[in-house]
Amino acid sequence: MPVNLVDLGVIYGIAEHDGVVDVDLTFTAMGCPASEFILDDVRERLLREDGVSDVRINVVWDPPWTAARMTQAGREALEAWGLAV
Amino acid sequence: MPTAAEFEKTIKSGELIESRSEMTPEYLRELKHTLVVSGDTELISAPAYYLAAQKAPSINAFMTGIAIIQDELAHAHIAYHILEELGEDQEKLIFSRDPKSFRYPYAFDVPLDSWTELVVANGMYDQAGFCLLGDIHEKCSYGPWKRGLNKVMAEENFHLRNGRTWMKRISQAGGSAKDELQRAVDWMFPLSVEWFGLPDDLKMHSTQLEYRLKGLTNDQLRQWWLSTVVPYCEQIGVKVPAHQETQEGKDVWVLDYPFPCEFDAEEKRWDFSKPITWDDVLVRWRARGPRNAEMVAMFQEEFHKFRKTHKNGN
């Protein structure tokens, strides 16, 4: 994907306590075929940060994701890729 | 239509060809042939992958498998659509051709029977497709195809990721899972190596290269494929029959078995003690493999059944 998850608007919340990071995350569709890869990437990337010992990801569907959740940068990245947003 | 000299000048200048009026009949014929191979390869990968996708170990994995099949069908559609613009009948190409006249790599005719074999196909066959299409994407002299491949390449990356992630996961699981992975690699690796066709020293002339329909020779493409697949397999602890060595000051990938050699498609087994000639390989390819007729029938039969009932007004 040409756009990061934050600009795509699928990260709903993130908090850290004593090295444990909790992430609220959604997908653009319930049938997202890349969901496992995305979860793996988020976990692996956060564990690379100093002081992070564990990552807990909570997949949420409320509120449902829409294109309106994208940032301007995300919109531009997808448009540059030829996707209508 | 341009004269032969005008056309040669355009090709040599590196300019893109955008319409039929800019082509010679020979170029049009070669372009169509290359597109048919590409379309047929993408199309047939759908029933080939579908057999194995049904063995997915989770709903999520099944969704990924199905999404890959959906991509492949869309990629086939791009190639057939361009063929239609070039005067071919898409419907006839897909639904009325004899199974044996489809032009896709022999590898897809050998059944993928498990999720493990599907992910090895994603890691190896899709890597072969990635090299072939990546080269066309970069070098192709026909503008509409070159541009269509922008998106195809992005999506093929996702297939490779599925293949590589799962191959690594299965290898790390060890035990019988890893044994099954190794067995899949043992028969699928040499089939992928064969995918790129005749070695350069047997293929004196390539019209595709001359017309800039592609940029790399068969051996160059094969080396590219080896340079991605061999290191990855070694990294995840899977054995492959190839290694790198320095020849005349250049690093090259070398196969550890006679190429080509005998393959038993029913047993999915190579016999490295039996070298064969490329003429023998071509005989096997032309005869097609175990699943050819069944896979083509998978989409042709229903099409004709539907057409028939439709005509009867049912």
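Remember, predicted model here, so these are calculated numbers, not experimental data. (Residues numbered from 1 in each chain as written. Chains lettered and ligands numbered in written order. Predicted model: local features only at pLDDT ≥ 70, side-chain atom pairs only at ≥ 80, totals over all residues.)

## Some points on the overall build of chain B
Reasoning step 1: Across its full length, chain B holds 11 helices and 4 strands.
Reasoning step 2: Computed over the C-alpha atoms, the radius of gyration of chain B is 20 Å, within 12% of the 20 Å expected from 2.2 N^0.38 for a compact globule of 314 residues.
Reasoning step 3: When its C-alpha atoms are laid out on the principal axes, chain B stretches across 65 × 60 × 35 Å.
Reasoning step 4: Counting all 314 residues of chain B, 34% fall into the buried class.
Reasoning step 5: A separation of at least 24 residues holds for 69% of the contacts in chain B among residues at least 6 apart in sequence. (Helix = DSSP H or I, 4+ residues; strand = E, 2+ residues; numbered from the N terminus. Rg over C-alpha atoms; globule rule 2.2 N^0.38 Å. Buried ≥ 20, exposed ≤ 12 C-beta atoms within 10 Å, placed from the backbone. Contact = placed C-beta atoms within 7 Å.)

## Quick notes on the overall build of chain A
Reasoning step 1: If you tally the helices and strands in chain A, you get 3 helices and 3 strands.
Reasoning step 2: What you see in chain A, going N to C, is helices and strands ordered as α-β-β-α-β-α.
Reasoning step 3: With 85 residues in all, chain A has 12% of them scored as buried.

## Considering the nonpolar core
Reasoning step 1: Formed by 66 residues in total, the largest nonpolar core has its most connected members in B:Tyr49 and B:Val185.
Reasoning step 2: Going through the elements one at a time, helix H2 (25–53), helix H3 (59–85), helix H5 (115–139), helix H6 (143–173), helix H7 (175–195), helix H9 (218–235) and helix H11 (292–311) of chain B are the ones with two or more residues in this core.
Reasoning step 3: Looking at this core element by element, the count peaks at 13 residues for H5(B).
Reasoning step 4: The residues touching B:Val185, leaving out its near neighbours within four places in the chain, are B:Val120, B:Cys233, B:Val238 and B:Val240.
Reasoning step 5: One finds A:Val3, A:Leu8, A:Val10 and A:Phe27 within the second-largest nonpolar core, a separate group that totals 5 residues. (Core = buried A, V, L, I, M, F, W, Y, C linked by C-beta atoms within 7 Å.)

## Quick look at the confidence of the model for chain B
Reasoning step 1: In this model, chain B carries an average pLDDT of 95, and 99% of its residues clear a pLDDT of 70 or more.
Reasoning step 2: Note on the complex model: pTM 0.91, ipTM 0.74. (pLDDT = per-residue confidence, 0-100.)

## Considering the packing of H3(B) against H6(B)
Residue and element names in this part refer to chain B.
Reasoning step 1: Relative to each other, H3 and H6 sit at 165°, their axes nearing to 10 Å. Considering the angle they form, H3 stands roughly antiparallel to H6. In terms of crossing hand, the pair formed by H3 and H6 is left-handed. From H3, Thr 64, Ile 68, Asp 71, His 75, Ile 78 and Ile 82 reach across to H6, where they touch Pro 144, Trp 145, Gly 148, Val 152, Glu 155, His 159 and Asn 162.
Reasoning step 2: For the contact of H3 with H6, the per-class residue count stands at 6 nonpolar, 5 polar and 2 charged. (Axes fitted to C-alpha atoms, helices over the stretch in contact; angles between N-to-C directions. Parallel < 35°, antiparallel > 145°, perpendicular 65-115°, else oblique. Left-handed = near helix turned anticlockwise from the far one by under 90°. Nonpolar A, V, L, I, M, F, W, Y, C, P; charged D, E, K, R; others polar.)

## Comments concerning the interface of chain A and chain B
Reasoning step 1: Each side of the interface is counted separately: chain A has 7 residues, and chain B has 9 residues.
Reasoning step 2: The residue makeup of the side of chain A that touches chain B, split by class, is 3 nonpolar, 3 polar and 1 charged.

## Observations concerning the packing of H2(B) against H3(B)
Residue and element names in this part refer to chain B.
Reasoning step 1: Axis separation between H2 and H3 bottoms out at 8 Å; the angle between their running directions is 160°. By the criterion of interaxial angle, the relationship of H2 to H3 is roughly antiparallel. Taken as a pair, H2 and H3 cross one another with a handedness that is left-handed.
Reasoning step 2: In terms of residue class, the contact of H2 with H3 is made up of 17 nonpolar, 5 polar and 3 charged.

## Quick look at helix H1 (residues 4–13) of chain B
Reasoning step 1: Burial analysis of H1(B) places just 0 of its 10 residues in the buried class, which makes it a mostly uncovered element.
Reasoning step 2: A positive backbone phi angle near 85° is found at B:Gly14, which sits one or two residues after H1(B).

## Here we look at the sheet that holds strand S1 (residues 11–17) of chain A
Residues and elements named next belong to chain A.
Reasoning step 1: Spatially, the 3 strands line up as an open sheet ordered S1-S2-S3, and their pairing is mixed. Every other strand in the sheet has two partners, leaving S1 and strand S3 (54–59) as the edge strands with one partner each. Pairwise comparison of adjacent strand axes, ignoring direction, gives a mean angle of 15° for this sheet.
Reasoning step 2: As paired elements, S1 and strand S2 (residues 20–25) share 6 bridges and run antiparallel to each other. Bridging across to S2, Glu 16 finds its partner in Val 21.
Reasoning step 3: The strands touched by helix H2 (residues 35–47) are S2 and S3; relative to S3, the strand with the most contacts, the crossing angle is about 150°. (Pairing = 2+ DSSP bridges.)

## Structural notes on the pairing of strand S3 (residues 261–264) of chain B
Put simply, side chains in a regular strand alternate between the two faces of the sheet.
Residue and element names in this part refer to chain B.
Reasoning step 1: In this sheet, strand S4 (residues 269–275) lies alongside S3 in antiparallel orientation, the contact comprising 4 bridges. What sits directly across from Cys 261, in S4, is Pro 275.
Reasoning step 2: Hairpin geometry of S3 and S4 is characterised by an intervening segment of 4 residues between the two adjacent antiparallel strands and by a positive phi of about 50° at Lys 268.

## Brief notes about the environment of A:Gly19
Residues and elements named next belong to chain A.
Reasoning step 1: Along the chain, the position of Gly 19 falls in the loop between S1 and S2.
Reasoning step 2: The sequence separation of Gly 19 and Cys 32 amounts to 13 residues, and the corresponding C-alpha distance is 29 Å.
Reasoning step 3: In contact with Gly 19, not counting residues within four places along its chain, are Gly 51, Val 52, Ser 53 and Asp 54.

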